[in-house]
Amino acid sequence: MSSIQSQADLARLFPRLADIPAEQRLDAPLHQRGILIDGEIRSWDGPCRTVLSPVHVRDDQGKLSAVEVGSFPVTTVKESLQALDAAVAAYASGTGQWPTMAVEARIAHVQDFTRRLLEQRALIVKLIMWEIGKSAADSAKEFDRTIAYIRQTIDALKELDNNNSRFQVVEETIAQVRRAPLGVVLCMGPYNYPLNETFTTLIPALIMGNVVLFKPPKFGTLLFAPILEAFRAAFPPGVVNTVYGRGEEVVPPLMASGKVNVLALIGSSRVADQLKKLHPKTNRLRAVLGLDAKNAAIVLPDADLDLAVKECVLGSLSFNGQRCTALKTLLVHRSVAGPFLDKLTEAIGQLGIGMPWEAGISITPLPDVNKPRYIAECIADAESKGAEVLNPGGGLACASLVVPAVVYPVDARMRLYREEQFGPVIPVVPFDDVGTALDYVESSDYGQQVSIFGTDPEQIARLVDPLVNQVCRVNINCQCQRGPDVFPFTGRKDSAEGTLSVSDALRAFSIRTMIAAKATSASKALLDEIVLGHKSTFINTRFIF
Ligand code: G3H
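As recorded in an unreviewed UniProt entry, the protein goes by the name NADP-dependent glyceraldehyde-3-phosphate dehydrogenase, listed as coming from Cupriavidus laharis. Here the protein is described in UniProt, under the heading Sequence similarities (unreviewed entry), as follows: "Belongs to the aldehyde dehydrogenase family."

What follows is the structure, given as structure tokens:
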């Protein structure tokens with residue numbers, strides 16, 4: 001990237017149409033015209049939105065134009081309410097086929113869906129890459145991680161259910177406790193992990209017996225087109241329904257209906273706040289939310305700077321900084337700021353910038369057309385207050401490509417100090433006293449994670465103890481991240497509500513419910529007959545392999 005000195009250099013990174021490797025091209029634009037409602041893929045002949053890729057192509061005159069990926073239906077409130085009605089009917093107040101189905105049978109449906117999803121792997125991976133500009137390798141990783149998540153979820157449910165396949169006798173009461181579904185779940189995922197993060201709520205919600213209304217993210221919409229048929233074929237009618245259209249228009253009526261039981265949203269706290277308030281009976285609404293974050297790295301004077309720089313580059317620039325878990329502020333002790341910044345700018349200079357299919361590429365085109373302007377504004381704001389861009393070419397932009405910028409010294413007067421940039425700009429804040437770094441985290445509106453870089457056990461321990469009460473994961477000498485997916489993923493303040501992990505998500509989308517009887521021989525005889533006669537899907541002692 002060190003060779004990028006002008007916009008013209010950046011423009012040359014975009015390919016001519018003929019330069020795109022054949023195996024990475026989309027055969028043709030994908031014009032989706034179906035929406036899934038009530039077990040039927042209904043054909044839509046109303047307005048559609050064109051999807052333009054963040055990848056641009058250059059013509060012979062050097063003019064850049066975004067590649068057309070396809071188009072999808074922009075449906076109205078009418079269709080989203082039809083989707084809601086289908087979901088409500090399928091749930092049937094908990095008496096529908098899906099919520100009353102035996103766990104083992106529900107697992108079989110999810111396994112069938114997974115097989116169908118795998119058949120579409122190549123196309124879905126390509127669509128992730130073309131729609132959001134994620135590198136081909138990371139797009140494939142997102143798909144595979146999603147499949148692994150589904151399989152881990154199935155295993156976790158088997159374990160949960162097997163543990164509940166027994167009776168307990170406490171204080172003369174015989175009981176069986178299991179987890180049951182909550183009802184209609186509205187699932188909305190984010191554009192940075194459109195497949196993975198959508199499915200980390202949708203799959204646990206489904207497998208626990210809920211029915212789902214699912215709205216694809218604003219970018220990364222078309223990749224669900226090949227999945228609709230898999231949903232249709234694998235689940236009973238009404239169990240999965242899609243909501244397309246403009247979120248601000250089609251989602252509020254769903255919430256205002258009072259018929260949504262769980263809001264599962266990975267997105268912004270502003271939207272979550274507005275949607276929750278629309279529900280007429282807030283006590284009946286459960287929210288499972290993954291929201292904003294401004295995770296900080298704290299680099300202590302005795303940190304291994306090579307390690308800290310490596311992790312900070314990964315943490316702040318993986319997928320161009322478009323991760324909720326990204327490191328979004330680097331707090332660096334002033335005594336090591338000089339060498340840290342030298343190493344940081346050098347490491348950034350080594351990063352590859354280019355098209356998502358190119359080998360060794362780290363920085364790729366951004367899907368949000370407003371993002372380059374936003375980043376430029378944040379940098380200009382910081383510069384006007386005394387900060388500088390330290391790396392050569394940092395902040396240069398051409399169409400959807402932006403060269404990452406290291407901005408130093410950032411302070412509380414600047415937008416970059418608090419705003420979640422969600423893009424390739426790295427604010428570095430010097431501190432003299434570790435208390436200042438702690439104050440930064442404590443006074444933040446967000447509380448997802450933090451990373452500490454240092455080698456002194458005393459100092460690390462003194463920082464960890466207050467920090468674990470500010471955030472929900474303190475990373476020691478490594479970047480912030482969600483995985484491994486079996487660990488709890490959550491946050492405090494405006495960063496999250498509820499906890500997601502393979503097993504926590506099963507809990508988030510269900511409630512404990514039980515049968516209880518006096519521990520008498522009559523009760524035992526009655527329960528025996530139900531169990532031995534396989535008369536109930538709830539009262540049973542079956543073991544799922
Ligand atoms: O956008 C937030 C994602 O949950 C981040 O996941 O840390 O595995 O990239 P990751």
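Text resumes after the structure shown.
Working definition: an aromatic ring pair is given by the centre-to-centre distance plus the angle between the planes. Under the definition given, this model contains 15 aromatic pairs. Summarising the aromatic geometry, the rings of Tyr-191 and Phe-219 are spaced 5.0 Å apart at their centres and angled 80 degrees between planes, so their arrangement reads as edge-to-face. Of this pair, Tyr-191 sits in the loop between strand E8 (184-188) and helix H7 (196-207) while Phe-219 is found in the loop between strand E9 (211-215) and helix H8 (225-234), placing the two residues 28 residues apart along the sequence. A residue is classified by how much of its surface remains accessible, and Tyr-191, at 10% relative accessible area, is buried. Both rings, one in Phe-199 and one in Phe-224, keep their centres 6.2 Å apart while their planes meet at 35 degrees; by these two values the pair is tilted.

What the seven strands build is an open sheet, ordered E17-E20-E21-E14-E13-E23-E24; its pairing is mixed. In this open sheet, the two strands that pair with only one neighbour each are strand E17 (388-389) and strand E24 (473-476). This element, helix H14 (residues 371-384), spans E17, strand E20 (405-408) and strand E21 (425-431) of the sheet and lies at about 25 degrees to E20.

The subject of this paragraph is the packing of helix H4 (residues 103-119) against helix H6 (residues 136-163). In contact at an axis separation of 11 Å, H4 and H6 are set at 170 degrees when each is read in the N-to-C sense. In this view, H4 runs roughly antiparallel relative to H6, as classed from their interaxial angle. On the side of H4, the interface is formed by Val-103, Ile-107, Val-110, Gln-111, Thr-114, Leu-117 and Leu-118, while H6 contributes Phe-143, Ile-147, Ile-150, Arg-151, Ile-154, Leu-157, Lys-158 and Asp-161.

This brings us to the site of the ligand. Taken together, Arg-145, Asn-192, Tyr-193, Glu-197, Arg-323, Cys-324, Thr-325, Gln-481, Arg-482 and Phe-489 make up the full set of residues adjacent to the ligand. In the model, an oxygen atom of the ligand is placed 2.7 Å from a nitrogen or oxygen of the Arg-482 main chain. Protein chains bury 95% of the 300 Å² of accessible surface belonging to the ligand in isolation. In terms of residue class, the shell around the ligand is made up of three nonpolar, three polar and four charged. When residues of the shell around the ligand are assigned to domains, at least three map to each of domain 1 (76-290) and domain 2 (295-489).

As for its placement among the helices and strands, Ile-4 is situated in the segment before helix H1 (7-11). We classify Ile-4 as buried; its relative accessible area is 5%. Along the primary structure Ile-4 and Ser-71 are separated by 67 residues, whereas in three dimensions their C-alpha atoms are 34 Å apart. Not counting residues up to four positions away in its chain, the partners in contact with Ile-4 are Asp-9, Leu-10, Leu-13, Ile-353, Gly-393, Leu-396 and Val-403.

What counts and how
- Sequence order as written defines the numbering, with residues in each chain counted from 1.
- Since the coordinates come from a predicted model, pLDDT governs what is reported: local features require at least 70, and pairs of side-chain atoms require 80 or more to be given and counted, while whole-chain, interface and lining totals use all residues.
- Side-chain measures were taken over the full set of non-hydrogen atoms in the model, leaving aside hydrogen atoms and water.
- UniProt positions are given in the numbering used here, feature names are shortened, and annotations may be inferred rather than shown by experiment.
- Planes of paired rings set the category: under 30 degrees apart is stacked, over 60 is edge-to-face and the rest tilted, where pairs are Phe, Tyr or Trp rings (Trp by its six-membered ring) whose centres lie within 6.5 Å.
- By the criteria applied, helices consist of DSSP H or I runs no shorter than four residues and strands consist of E runs no shorter than two, each listed in order from the N terminus.
- A simple rule labels every residue: compare its accessible area, found with a 1.4 Å probe on the protein chains alone, to the largest value its type can have, and call it buried under 20%, exposed over 50%, or partly exposed in between.
- By definition, two strands form a pair when at least two bridges between them are found by DSSP.
- Contacts are assigned to residue pairs with any non-hydrogen atoms lying within 4.5 Å of each other.
- Axis definition: a line fitted to C-alpha atoms, limited for helices to the stretch in contact. Angles are taken between N-to-C directions and run from 0 to 180 degrees.
- Angle categories: roughly parallel below 35 degrees, roughly antiparallel above 145, roughly perpendicular from 65 to 115, and oblique for all the rest.
- The criterion for a residue being near a molecule or strand is simple. One of its heavy atoms has to lie within 4 Å of it.
- Within 3.5 Å is the distance limit for a polar contact, defined as a pair of N or O atoms, with the added protein rule that one can donate a hydrogen and the other accept it, and that residues adjacent in sequence qualify only through two side-chain atoms.
- Here, Shrake-Rupley sampling with a 1.4 Å probe gives the accessible areas, and only protein chains in the shown set may cover a residue.
- Residue classes follow a fixed rule: Ala, Val, Leu, Ile, Met, Phe, Trp, Tyr, Cys and Pro count as nonpolar, while Asp, Glu, Lys and Arg count as charged, and any other residue, Gly among them, counts as polar.
- Throughout, the edges of the domains are those of an automatic or database domain assignment.

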